[in-house]
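Chain residues, written in single-letter form:
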Amino acid sequence: MDYSQIIRFMKERKPYVHATLENTVPENAVAAREYIQELWDHCEI
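The structure presented is a predicted model; accordingly, all values stated were derived computationally and were not measured.

(A) Just the packing of helix α1 (residues 4-13) against helix α2 (residues 29-42), in detail. Packing of α1 against α2 leaves a shortest axis separation of 10 Å and a crossing angle of 70 degrees. As far as their axial angle goes, α2 and α1 are roughly perpendicular. For the pair α1 and α2, the crossing hand works out as right-handed. Residues I7, M10 and K11 of α1 lie in contact with α2, whose contacting residues are L39, W40 and D41.

Spelled out as structure tokens, the structure:
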């Protein structure tokens, strides 16, 4: 799934909002956080 528009919106207008992926469970929470962080870090506004 392409989260680029959502991440761009969050980074521009709501940088203080916490986010997680819909299917995040304790077993994959670290990987999900790292994935979102990578998207955030590479998002250009």
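(B) Looking closely at the environment of I36. Its place among the elements puts I36 in helix α2. For I36 and Y3, which are 33 residues apart along the polypeptide, the C-alpha to C-alpha distance reads 9.0 Å. When neighbours within four sequence positions are excluded, I36 is seen to be in contact with A19, T20 and L21.

(C) Broad picture of the packing of aromatic side chains. Per the counting criterion, the structure on display carries one aromatic pair. Taking the centre distance of 6.3 Å and the plane angle of 75 degrees together, the rings of Y3 and Y35 count as edge-to-face. Of the two residues, Y3 sits in the segment before α1 while Y35 sits in helix α2, which places them 32 residues apart along the sequence. When its relative accessible area of 23% is taken as the criterion, Y3 is described as partly exposed. The exposure class of Y35 is partly exposed, given its relative accessible area of 33%.

(D) Looking closely at the environment of T20. On the secondary structure map, T20 appears in the loop between α1 and α2. Each C-alpha atom of the pair T20 and V30 lies 10 Å from the other, and the pair is 10 residues apart in sequence. Polar contacts involving the side chain of T20 include one to the side chain of T24, which spans 3.1 Å.

About the thresholds
Residues numbered from 1 in each chain as written. Predicted model: local features only at pLDDT ≥ 70, side-chain atom pairs only at ≥ 80, totals over all residues. Heavy atoms only, no water. Axes fitted to C-alpha atoms, helices over the stretch in contact; angles between N-to-C directions. Helix = DSSP H or I, 4+ residues; strand = E, 2+ residues; numbered from the N terminus. Parallel < 35°, antiparallel > 145°, perpendicular 65-115°, else oblique. Left-handed = near helix turned anticlockwise from the far one by under 90°. Contact = heavy atoms within 4.5 Å. Phe/Tyr/Trp six-rings, centres within 6.5 Å; stacked < 30°, edge-to-face > 60°. Buried < 20%, exposed > 50% of the residue type's maximum accessible area, 1.4 Å probe, protein only. Polar contact = N/O pair within 3.5 Å; in protein donor to acceptor, adjacent residues only side chain to side chain.

Honestly, it's all geometry; don't read function into it.
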